[in-house]
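Summary of structural features
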Amino acid sequence: MIQAGDHLLSIDTHSLRGKSLVEIVSLLKNCDDIVRLRIKKDDIYSQDNFCENVVVYKVQLLRQG
């Protein structure tokens, strides 16, 4: 489940590094019916939660409507 504090890293093959909210919304609006998100779960117990040892989840969403 996606929760507040999780980090959205990419939409389909598009990295979100350095992208503005407007660019991210545009990417989401122009996606196919199946959207692949790459998400890093927020780890409040990690001192450096951007380290390479964190688990990154790949989520596939089916757009309906």
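If you're wondering where the values come from, they're calculated on a predicted model, not measured in any experiment.

1. So, the nonpolar core
Grouped together as the largest cluster of nonpolar side chains are 8 residues: I11, L16, I24, L27, C31, V35, L37 and I39. Mapped by element, the contributors of at least two residues to this core are α1 (21-29) and β3 (34-40). The element contributing the most residues to this core is β3, with 3 residues. Leaving out residues up to four positions away in the same chain, I24 has contacts with I11, L16 and K19.

2. Considerations on the pairing of strand β1 (residues 7-11)
In terms of strand pairing, β1 meets β3 through 4 bridges, oriented antiparallel. Within the sheet, the bridge partner assigned to I11 lies in β3 and is L37. Note that β1 and strand β2 (residues 14-15) share 2 bridges and pair antiparallel. Its bridge partner lying in β2, I11 is registered against H14. Hairpin connection from β1 to β2: 2 residues lie between these consecutive antiparallel strands, with D12 at a positive phi of about 50°.

3. Notes on the side chain of D6
One can find D6 in the segment before β1. Residue classification places D6 among the buried positions, given a relative accessible area of 17%. Among all residues touching D6, those that are not within four sequence positions of it are M1, I39, K40, K41 and D42.

Analysis parameters
Residues numbered from 1 in each chain as written. Predicted model: local features only at pLDDT ≥ 70, side-chain atom pairs only at ≥ 80, totals over all residues. Heavy atoms only, no water. Core = buried A, V, L, I, M, F, W, Y, C linked by side-chain atoms within 4.5 Å. Buried < 20%, exposed > 50% of the residue type's maximum accessible area, 1.4 Å probe, protein only. Helix = DSSP H or I, 4+ residues; strand = E, 2+ residues; numbered from the N terminus. Contact = heavy atoms within 4.5 Å. Pairing = 2+ DSSP bridges.

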